[in-house]
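Now for the letters of each chain:
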Amino acid sequence: MYGREGYHALFLKPIAELLGCRYVALEYLELYRAFLRGGGVFYVEEPWLWSRPTKAPPPPLRLAQPARWLERRMYPLLGNIHLFFTDGRFNAASEAPCGRVGLLAKWGEPLVTDLFLPLFLELGDVAKALRAAKALFKCGLPQSRDELVKGVKEGRYVAGYIWLAWAVNLGVELRPYPALGRPLSGIWGLADLEREVPAYAYPPPYPEVAGAWRRFIETAAPIRGPRWMDFVEESHEVLREYLLGHVGEDVTAKWLSSVEKVLNQEI
C-alpha cells in the first residue's frame with residue numbers, strides 16, 4: 001500500500017496491516033507518479049482521480065453532495081479541506097502585512113496549491129498573484145507544515161490558508177475561501193481497494209460524524225478540475241525559480257496562464 005509520510009502515515013500504517021500490505025511512505029508528487037503507474041492500493045487525493053480509472057467499495061456513510069462523484073472511485077478516509085484563517089482583522093491574506101501571512105511555500109506541489117492558487121483566487125489575475133507571492137516570500141513564508149502551525153499558534157501569522165487537519169486548537173477564526181464563499185475540497189482516500197476498511201481519520205469526510213466542522217465538509221468545493229495535476233507538474237518548478245529570482249515574471253505568468261482552464265468552472 002502506497003501512502004503519504006508524516007501525520008497521514010499514523011493512521012495509514014494500521015490500515016495497511018489490516019489489509020495485509022507493506023506500507024510505502026512517499027512524498028506527494030512521488031506518490032502521485034506511483035499512482036499513475038498502478039500496481040497496488042493507493043492513498044490518493046481527489047483531483048488525482050481525473051488521471052486514470054480507479055475502483056473502490058462504496059463509502060460506509062453519506063458523502064456531502066459535492067463529494068459524491070468520488071463514490072466507487074475512492075474509499076474516503078480524510079475530509080481534509082483548505083480554509084482561510086484570520087485573527088479577525090483581515091478578510092483576505094493579501095490584506096495582511098508582509099511577514100505576517102501564513103501561506104505554505106514548501107517546494108513542490110504546495111507552491112501551486114497552497115500558495116499560488118489562494119492568491120490567484122483572491123486577486124483574480126495571474127501576474128498580480130505572482131507579484132504578491134514574491135513579495136510575501138521575500139518577507140518570509142512558512143516552508144513546512146510544522147512552521148505554519150507554530151507560526152499561527154504563536155500569533156506570527158495573522159491571516160492565510162491552512163488545511164483543516166492542521167488547524168485544531170490554533171485559536172484563529174476559520175472561514176471559507178473569501179473568493180469562493182466555500183472551502184477548497186481536498187478529500188483523501190484509498191483507490192484500487194477491493195474491500196471496505198472500518199476506519200476514517202480526523203477530520204472525517206462524512207458530514208454526519210464531522211461535528212463542529214460539518215458546515216465546511218458539506219460545502220467544500222472540488223475546484224481542481226481534470227487537468228489540475230498536469231498543471232501542478234508543469235508549474236511547480238518554474239514557480240520555485242521565479243520566487244528565487246531565477247526566472248522573470250513574464251515567463252512565469254505565461255507558464256501559469258492556463259490556471260483558469262484547469263479549475264472546475266461549474267463550482
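Residues numbered from 1 in each chain as written. Predicted model: local features only at pLDDT ≥ 70, side-chain atom pairs only at ≥ 80, totals over all residues. Heavy atoms only, no water.

Caption draft 1: Representation of the environment of Trp 228 in the model. Counting through the fold element by element, Trp 228 comes out in helix H7 (residues 228–243). In the structure, Trp 228 is positioned 21 residues away from Glu 249 in sequence and 22 Å away in space, judged by C-alpha atoms. Apart from the residues within four sequence positions on either side, Trp 228 is in contact with Pro 47, Val 112, Thr 113, Leu 117, Val 262 and Leu 263. (Helix = DSSP H or I, 4+ residues; strand = E, 2+ residues; numbered from the N terminus. Contact = heavy atoms within 4.5 Å.)

Caption draft 2: Molecular detail of empty space enclosed by the protein. Considering all chains together, one arrives at one cavity of 30 Å³ or more under this definition. The residue inventory of the lining of the largest cavity, partitioned by class, reads nine nonpolar, two polar and no charged. (1 Å grid on protein atoms, 1.4 Å probe; cavity = no way out; pocket = protein on both sides within 12 Å on 5 of 7 lines; lining within 4 Å. Points joined across faces, edges and corners; volume = space filled by probe spheres on them. Nonpolar A, V, L, I, M, F, W, Y, C, P; charged D, E, K, R; others polar.)

Caption draft 3: Helix H3 (residues 109–123), seen in detail. With 15 residues, H3 extends 20 Å from end C-alpha to end C-alpha; this agrees with the ideal 21 Å at 1.5 Å per step. Phe 116 marks the point of greatest bend in H3, at about 40°, and the proline Pro 118 comes within the next four residues. With 14 of its 15 residues buried, H3 lies for the most part within the structure. Phi turns positive one or two residues past the end of H3, at Gly 124, with a value near 75°. (Expected span 1.5 Å × (residues − 1). Bend = angle between axes of the 7 residues up to and from the residue. Buried < 20%, exposed > 50% of the residue type's maximum accessible area, 1.4 Å probe, protein only.)

Caption draft 4: Summary view of the pairing of strand S5 (residues 81–86). For S5, the tally of buried residues reaches six of six residues, placing the bulk of the element in the interior. The alternating pattern of S5 places Ile 81, Leu 83 and Phe 85 and His 82, Phe 84 and Thr 86 on opposite faces, both of which are buried. Sheet topology note: the S5/strand S9 (residues 184–185) ladder contains two bridges and is antiparallel. Paired with Ile 81 across the bridge in S9 is Ser 185. Both S5 and strand S7 (residues 159–163) contribute to a ladder of five bridges, which runs antiparallel. From the neighbouring strand, Phe 84 faces S7, where its bridge partner is Tyr 161. (Pairing = 2+ DSSP bridges.)

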